[in-house]
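# What the coordinates show
Here is what each chain is made of, one letter per residue.
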Amino acid sequence: MLHPHPCKIMEPVDIQTSYEAAITENPDNGNTVAGGGRKKRGVSTHSKFWASNRTLKVAFLNPPSDIHRETAIKAIKSWQPSINLKLEFVSGSEGDIRITMEAPLNYSAIGTDATLRAPGENTMNIGTSPNHPWFEAAVLHEFGHALGLEHEHQHPKANIPWNKPVVYAHYWTAFQWSKEEVDHNLFQSLEISAVRTTPYDPTSIMHYPVPNELTIGDWSVQKNISVSQNDRRLMRKIYPK
Ligand SMILES: [Zn+2]
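Within any chain, residue numbers begin from 1 and follow the written order of that chain's sequence. Where totals are concerned, whole chains, interfaces and linings use all residues; where local detail is concerned, this predicted model gives features only for residues with pLDDT of at least 70, and gives and counts side-chain atom pairs only at 80 or more. Side-chain figures throughout are based on the complete set of non-hydrogen atoms in the structure, without hydrogens or water.

### Some points on the sheet that holds strand β1 (residues 8-10)
Think of it this way: DSSP has to see at least two bridges between two strands before they count as a pair. In DSSP terms, a helix is any run of H or I states spanning at least four residues, a strand is any run of E spanning at least two, and both are numbered starting from the N terminus. The mixed open sheet is built from 6 strands, whose spatial order is β1-β7-β8-β6-β4-β5. Looking along the sheet, the strands with just one partner apiece sit at the ends: β1 and β5 (86-89). The sheet contact formed by strand β6 (residues 97-100) and strand β8 (residues 124-125) spans 2 bridges and is parallel. The residue bridging Ile 99 from the neighbouring strand is Met 124, located in β8.

### Concerning the coordination of the zinc ion
Those protein atoms acting as donors to the zinc ion are Cys 7 (SG), His 141 (NE2), His 145 (NE2) and His 151 (NE2), and they sit at 2.0 to 2.2 Å. Note that water is not among the atoms considered, so a metal site may appear incomplete; the donors listed are N, O and S atoms within 2.8 Å of the metal, with 3.2 Å applied to Na, K and Ca. Key to geometry: four donors with every angle between 85 and 135 degrees are tetrahedral; four donors are square planar and six octahedral where opposite donors lie over 155 degrees apart and all remaining angles lie between 65 and 115; all other sites are irregular. Between the 4 donor atoms coordinating the zinc ion, the angles at the centre fall across 100 to 122°, so the site counts as tetrahedral. On the primary sequence, the residues serving as donors to the zinc ion are separated as C-x133-H-x3-H-x5-H. Of this pair, His 141 sits in helix α3 (residues 135-146) while His 151 sits in the loop between α3 and α4 (164-175); the two residues are 10 residues apart in sequence, bridging distant segments of the chain. His 141 sits in the buried class, given a relative accessible area of 7%. Relative accessibility decides the category of a residue: with a 1.4 Å probe and only protein chains considered, values under 20% of the type maximum give buried, values over 50% give exposed, and everything between is partly exposed. Accessibility expressed as a relative area gives 3% for His 151, which makes it buried.

### Side note on the side chain of Asn 26
You can see Asn 26 is positioned in the loop between α1 (15-25) and β2 (33-34). Judged by its relative accessible area of 12%, Asn 26 is buried.

### Brief notes about the nonpolar core
Here, nonpolar core means buried Ala, Val, Leu, Ile, Met, Phe, Trp, Tyr and Cys residues that are tied together by side-chain atoms lying within 4.5 Å of each other. Trp 79, Ile 97, Ile 99, Phe 143, Leu 147 and Tyr 239 are the most contacted members of the largest nonpolar core, which totals 36 residues. Those elements that place two or more of their residues in this core are β4 (55-60), α2 (66-76), β6, α3 and α6 (229-238). Here the element with the most residues in this core is α3; it accounts for 6 residues. Contacts of Ile 97, omitting those with residues within four sequence positions, involve Trp 50, Leu 56, Lys 57, Val 58, Ala 59, Thr 123, Met 124, Phe 143 and Ala 146. Contact criterion: two residues are considered in contact whenever any of their non-hydrogen atoms come within 4.5 Å of each other.

### Considerations on the confidence of the model for the protein chain
As a per-residue quantity, pLDDT reports the predictor's confidence and falls between 0 and 100. Mean pLDDT for the protein chain: 90, with 91% of residues reaching 70 or above. A low-confidence stretch, residues 33-43 (pLDDT under 50), is modelled with 19 contacts involving residues beyond four sequence positions or located in other chains.

### Points about the packing of aromatic side chains
Put simply, two rings from Phe, Tyr or Trp (the six-membered ring, in Trp's case) pair if the centres are within 6.5 Å, and we call them stacked under 30 degrees between planes, edge-to-face over 60, tilted for the rest. Taken as a whole and assessed by the stated rule, the structure comprises 5 aromatic pairs. Arranged with centres 6.3 Å apart and planes meeting at 90°, the rings of Phe 49 and Tyr 239 form a pair that is edge-to-face. One end of the pair, Phe 49, is in the loop between β3 (37-38) and β4; the other, Tyr 239, is in the segment after α6, and 190 residues separate them in sequence. Take Phe 49 and Tyr 239: they sit in the same class, and that class is buried. Geometrically, the ring pair formed by Tyr 168 and Phe 187 is edge-to-face, given 5.6 Å between the ring centres and 75° between the ring planes. Placement of Tyr 168 in helix α4 and of Phe 187 in helix α5 (residues 179-187) is noted, with a sequence separation of 19 residues between them. Residue Phe 187 is classed as buried on the basis of its relative accessible area of 16%. Within the aromatic cluster, the residues linked to one another by ring pairs are Trp 162, Tyr 168 and Phe 187. Here the guanidinium or amino end of Lys 164 rests over the ring plane of Phe 187, the centre of that ring lying 4.7 Å away. Sitting above the plane of the Trp 134 ring, Lys 223 keeps its charged end 4.7 Å from the centroid. Two conditions define a charge sitting above a ring: the NZ of Lys or the CZ of Arg must be within 6 Å of the ring centre, and it must be within 35 degrees of the ring normal.

Here's what the structure looks like:
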């Protein structure tokens, strides 16, 4: 089976603008804590969650076919029971989330960073083919980013025993990722934000699969294909009823 490209998040062009967009939408995004204590507000540690109870319009730009679009919508809707947001799927191109579906890359802006993209630009791309057994997982993962989730394998408590030279070689051979891209998307740990206090969850839909041959010793994470209980718990905390 051909493995789809691993997801890369869309980085904001400017951190300060990202911070301002995040706290304008939801002031809680500015509150960060570390080690249980209150920490100075910092632009690099803000979260990017939407305001709870708002409507989030989801548009598809250049949708390839009705069946492709409908299959994606069906997957996205499985987030709905865990979030107090009203997902509205619109037929035009004006949405808070704007999805393209062009092979082969998967990527998304994180939460409120989507507001920094120009109208008409996408905020997410689903590159995995709708016929691929991992299509639904790709949609769930990318939409998790759109809801403000980051990569679970970069959770500060993940401590994955990566075999780094092997990982660099693998990602270069399979996907032509540079050392810097691997560092940024796999190895770099994220800050803990105030609302993001759930324990590390290797079953999260936001975790990359980690084959045993990329780690030292006997350590692996399978390809997760559905939203985990912990993902749902975190979403209920962030978007409470
Ligand atoms: Zn991702």
